[in-house]
Amino acid sequence: MLNALIIDDEVPSREELKALLASAPDVDVVGECANAIEGLSAIHRLRPDVVFLDIQMPRVSGLEMVGMIEPSSLPHIVFVTAYDEHALKAFEEHAADYLLKPIDPQRLAKTLDWLRAGARPSGNPFPGTDSVLRHIPCIALNRIFLIALDEIEYIHTDVSGVQVVSTSKQGVTELTLKIIQERTPFIRCHRQYLVNLNQIAEIELQDNGAAEIVTHSGKRVPVSRRHLREIKDKLLIS
Amino acid sequence: MLELEQINHLALTGSLMQQMSVYLVIAYLLSKTPLFAPLMQVTVRLPDKLVCYFVFSGFCIMGTYFGFQIEGAIANTRAIGAVLGGILGGPVVGFAVGLTGGLHRYSLGGFTDLACAVSTTAEGVIGGCLHFYLMRRHRADRLLNPMTALFATLFAEAMQMLIILLIAKPFDDASRLVAHIALPMILTNSLGAALFMRLILDRRETMEKYSIAFSAKALRIAERSVGVLMQGFNEHNCTRMASIIQEETGVGAVAITDCEKLLGFVGVGADHHLTGTPISSTHTFYAIANNEVVYADGADISYTCSVSKDCKLSSCLVIPLRGEGNRVFGTIKLYEPKRKFFSTLNRTLGEGIARLLSNQVLAGTIEEQKQLLAQSEIKLLQAQINPHFLFNALNTLAAVIRRDPEEARQIVQYLSTFFRKSLKRVSNDASLNDEIEHVNAYLHIELARFAGRLDIKMAVPEDLLPLQLPAFTLQPIVENAIKYGISQMIEPGTVTISAQRKDAVLTIVVEDSAGLYQPQPDNDGLGMNLVDRRIKIRYGAAYGIEVTCEPECWTRVAIRLPVEKELVPC
């Protein structure tokens, strides 16, 4: 049994794909998402075997979304696009699986055959997975929004998830600290904290060898002894 | 007063010849003045005829004054003025000149006064009749001929003698007088008239040579410079142009500037007049600011080089280059070094060259705009068939066919309307109604595609629908609003299309509720920029597209167009 997730912002597109998949008895569509941000949480929550992922989506494209998922927890991705010359070129280069809209049922059947035969992600990094993030998608109070990188002061984890804190906004993101650290210039200053160096106003050193960062808007971010050295190096303080 | 017996024919001829020489010297000097210009051709215009009358009346009177008093009569060269006045000015002028000269003679008295008055008038009329006769026979060339003048005067003077014999009393005195003066006067006057005519012809030839030289230079410059500046008003082309002008005119140096900097300099002083450097001459600034020719001759208006003290240039002619609407866009400057003066030829030529350059640049701009327009239209044509839109539409259709064949049929209808309208020629005009129908077809397909995420509000007053605008103006803007606006929204969004007319300006506003507009300067791929550029090339910078954006709230695109013509609604 293959658990499939469909992520596409266009209702007719999802309908059509669902109808096509319905003819394959061993495929179970476990969820549908209308954008990449919902898609991220659905992937983490539903752990599908395969994701049919549209590329052109609001704010965060399918390619960007793939870059927001840790490769180890990445399901098999089948990109779906109507027309996108650049993306198609990238797919060919990365040997990624993709379908063109309107979807040809025979072509879809071939993809499903490969999946049944146990095809796993090719091991090549997906297109988009090496790019730097431009913003972090967040959810707060049932609203989805994006926070631009340079607005973010720090990011930390707590019991409710990964919290993104900017000067004016705060939200929870589906992205892990590890992914954010890899895809942004932010620096790890504590086991549970990433900080935007550009937002640092001052660093208060403490007796125990740790420190505390004060951001431009006056927020305080802890710095552990382990990470102080690294921050000093980055800021060229000896 | 001389007694007739005291003089012989030879002596009188000699004296009259002397007198005529003085007379001709004066004529020669006068020929250097502009007063003479109208006399150098057979005159037709009234002002020229007046000049002709005054000049030759003057000569007539002068001829009388220069004459010798001989026993109450005057041996003179008055006939020259009268006959030539008639030949050049026609019967009326001839009569007037003769009458004026005659009346003047009459006022001096003597026993031949009346005879002279009548005969002088007759001489004028004879010249005039000859003029009339030759003009009638289209032999104007024969008029300006010394031999014509000679024989006409010969005939006129012979007639004068007859008139004296007929009118002057007593007849004995008259016949004695005529016997003495007839030959010298006939000879002198005929010869004088011929020489006077020769003088006029010489003057005319000089003028012609001058204008031939002028035309030749101007033509050569024009020929050599064809199209140079049409390829762009830049340093490379301006330097080429300057060197052509310098070679042809032979002036010390030639410079071409735009309104800020030197674009080309060739000739004396090229070592320190460097292209690309800002303008520093006050004369140039003045010429640009006032749209006036500035001539710094180095004497009345001093010229000193504003770049280097050691500059050898000492006089300068600055002529503004004028583009559209007589607006100054640069200057051309001619320089002469110390101890060399500007020839009038080059000064006049300079202004002609400035016009030539201006026209070239203007033609170049028009050519460039034409090309830009053509390019924009080709790109718009390509943008009309947006593959992204097409495949998404087909994909939507595939889904809708499954769910609702009737709705699918409608979508097919919209799709065909959309493509039919898209395939219209971009360079044509369309009515606002056509544009709205095009957009409507497009939006209905997008409505199906975005099912529930897109809302459309249309607020275009009926009476504006017949207004004309370039075809394919509205659709790219609406497509942008969907592509970069609504389709990037996570929540549902609205596109509002409205239009209003204020006097002769039609403004169409397309607003989306996304507010995600990012300015992308010079992005040809954007249909919006193409539409804007096409409108600006067609109607000027006052029209086109203006984008305002409240981030995360709305993006408003206003299309401003002139109301050109209206279709009468039927």
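Remember, it's a predicted structure, so these values are computed and weren't measured experimentally.

Draft legend 1. Examining the overall build of chain A more closely. If you tally the helices and strands in chain A, you get seven helices and 15 strands. By the burial criterion, 41% of the 238 residues in chain A qualify as buried. A sequence separation of at least 24 residues applies to 58% of the contacts in chain A between residues at least 6 apart.

Draft legend 2. Up close: the interface of chain B and chain A. Between chain B and chain A, the contact holds 21 residues from the first and 15 residues from the second. Put simply, the parts of the chain that give the side of chain B that touches chain A at least two residues each are α12 (387-403) and α14 (432-450) of chain B. With 12 residues, the top contributor of residues to the side of chain B that touches chain A is α12(B). Partitioning the side of chain B that touches chain A into residue classes produces 11 nonpolar, seven polar and three charged.

Draft legend 3. Seen up close, the sheet that holds strand β15 (residues 220-223) of chain A. Residues and elements named next belong to chain A. The strand order β13-β14-β15 describes an open sheet built from three strands, whose pairing is antiparallel. Each edge of the sheet is formed by a strand with only one pairing partner; in this case those strands are β13 (200-205) and β15. On average, adjacent strands in this sheet sit at an angle of 25° to one another, irrespective of strand direction. Where β13 meets strand β14 (residues 211-215), five bridges bridge the pair, whose relative direction is antiparallel. From the neighbouring strand, E202 faces β14, where its bridge partner is V214.

Draft legend 4. Representation of the environment of A:H76 in the model. Here A:H76 lies in strand β4 (residues 76-81). When the C-alpha atoms of A:H76 and A:D97 are compared, they prove to be 8.9 Å apart, with 21 residues separating the residues in sequence.

Draft legend 5. Structural context of the packing of helix α4 (residues 91-108) of chain B against helix α5 (residues 113-136) of chain B. All names here are of chain B. The interhelical angle for the contact between α4 and α5, taken along N-to-C directions, is 165°, at an axis separation of 7 Å. Taken together, α4 and α5 sit at an angle that is classed as roughly antiparallel. When the axes of α4 and α5 are compared, the crossing they make is right-handed. Here the residues of the contact of α4 with α5 are counted per class, giving 17 nonpolar, 10 polar and three charged.

Draft legend 6. Unusual backbone geometry, seen in detail. Residue A:K101 is joined to A:P102 through a cis peptide bond whose omega torsion reads -10°. Among the structural elements, A:P102 can be located in the loop between β5 (97-100) and α5 (105-116). In this structure, the amide linkage connecting B:K169 to the following residue, B:P170, adopts the cis form with an omega of -5°. The topology assignment puts B:P170 in the loop between α7 (146-167) and α8 (171-224). A positive phi angle, close to 55°, is found at B:H138, a residue other than glycine. Taking the number of C-beta atoms within 10 Å as the measure of exposure, B:H138 has 8 and is therefore exposed. With a phi angle near 55°, B:N291 is a residue other than glycine that sits in the positive phi range. With respect to the element layout, B:N291 can be found in the loop between α10 (282-290) and β5 (294-296).

Analysis parameters
Residues numbered from 1 in each chain as written. Chains lettered and ligands numbered in written order. Predicted model: local features only at pLDDT ≥ 70, side-chain atom pairs only at ≥ 80, totals over all residues. Helix = DSSP H or I, 4+ residues; strand = E, 2+ residues; numbered from the N terminus. Buried ≥ 20, exposed ≤ 12 C-beta atoms within 10 Å, placed from the backbone. Contact = placed C-beta atoms within 7 Å. Nonpolar A, V, L, I, M, F, W, Y, C, P; charged D, E, K, R; others polar. Pairing = 2+ DSSP bridges. Axes fitted to C-alpha atoms, helices over the stretch in contact; angles between N-to-C directions. Parallel < 35°, antiparallel > 145°, perpendicular 65-115°, else oblique. Left-handed = near helix turned anticlockwise from the far one by under 90°.

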